[in-house]
Amino acid sequence: MLGTAAFGLFLAAAACSGTNEPAAVLTGLSPARAYTDTAVAATLQGGPFRPSFSVDTSSGSAHIDVAGFNCLLLPSAAADVTAGSAATVTDWTDPMQLDVSLPAKLPAGFYDVQLRDPNGPAASLKKGFQSLGPDMDAPVVSLDGPLGGTFVVAGTRVPV
């Protein structure tokens, strides 16, 4: 009887050790460049992304826990990896896509994107994001019509 129990524990341990799942890779970040006056909502592509799950067996409910993902933006030219800025993973859309919020006030320049998922090693995307810094340019609006001096009545559509 002891031999059967030991064999069962051995099989359980063998089944739980190691994995044949591929490590996650990053293939893109959209938008790949943006002004960073405020936080930027972006989509991280690649995969496979495997989040942690919380399961409540008493109620039969489960939810995805994206807090296990750790995303950093590291200046591409910097040798010091502690100079990174944290990006927040906000949603797991599917195994090939994560929604992230890039931090505000990111200095202008290129950034490597690094993602560590809860189940595996870090994946990185070299020069995956370009911060344009703060938007200092005022918008330019021009009217193609009506021409100057033309009378316009209420309800007239004016293309801008």
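Since we're looking at a predicted model, the values are computed, not measured.

### A word on the pairing of strand S7 (residues 85–94)
Right, on to step 1. Of the pairings in the sheet, the one linking strand S6 (residues 70–75) to S7 comprises three bridges and is antiparallel in character. Paired with Cys71 across the bridge in S7 is Ala87.
Right, on to step 2. Taken together, S7 and the strand that follows it, strand S8 (residues 97–102), pair antiparallel across an intervening segment of two residues.

### Details of a nonpolar patch on the surface
Right, on to step 1. A grouping of Phe53, Val55 and Ile64 is seen on the molecular surface, where their side chains present a nonpolar patch of about 300 Å² in accessible area.
Right, on to step 2. Take Val55: it is sitting in strand S4 (residues 52–56).

### What about the sheet that holds S6?
Right, on to step 1. The strand order across the open sheet formed by eight strands is S1-S3-S8-S7-S6-S9-S10-S2, and the pairing between neighbours is mixed. Only two strands of the sheet have a single neighbouring strand rather than two, namely strand S1 (25–30) and strand S2 (33–34).
Right, on to step 2. Taken together, the five bridges between S7 and S8 define a ladder with antiparallel strand orientation. The residue bridging Thr88 from the neighbouring strand is Ser101, located in S8.

The rules we used
Residues numbered from 1 in each chain as written. Predicted model: local features only at pLDDT ≥ 70, side-chain atom pairs only at ≥ 80, totals over all residues. Heavy atoms only, no water. Pairing = 2+ DSSP bridges. Helix = DSSP H or I, 4+ residues; strand = E, 2+ residues; numbered from the N terminus. Patch = residues over 30% accessible without salt bridge, like charges linked within 9 Å, V, L, I, M, F, W, Y side chains within 5 Å. Areas by Shrake-Rupley, 256 points an atom, 1.4 Å probe, with all protein chains shown as cover. Salt bridge = Lys/Arg side-chain N within 4 Å of Asp/Glu carboxyl O.

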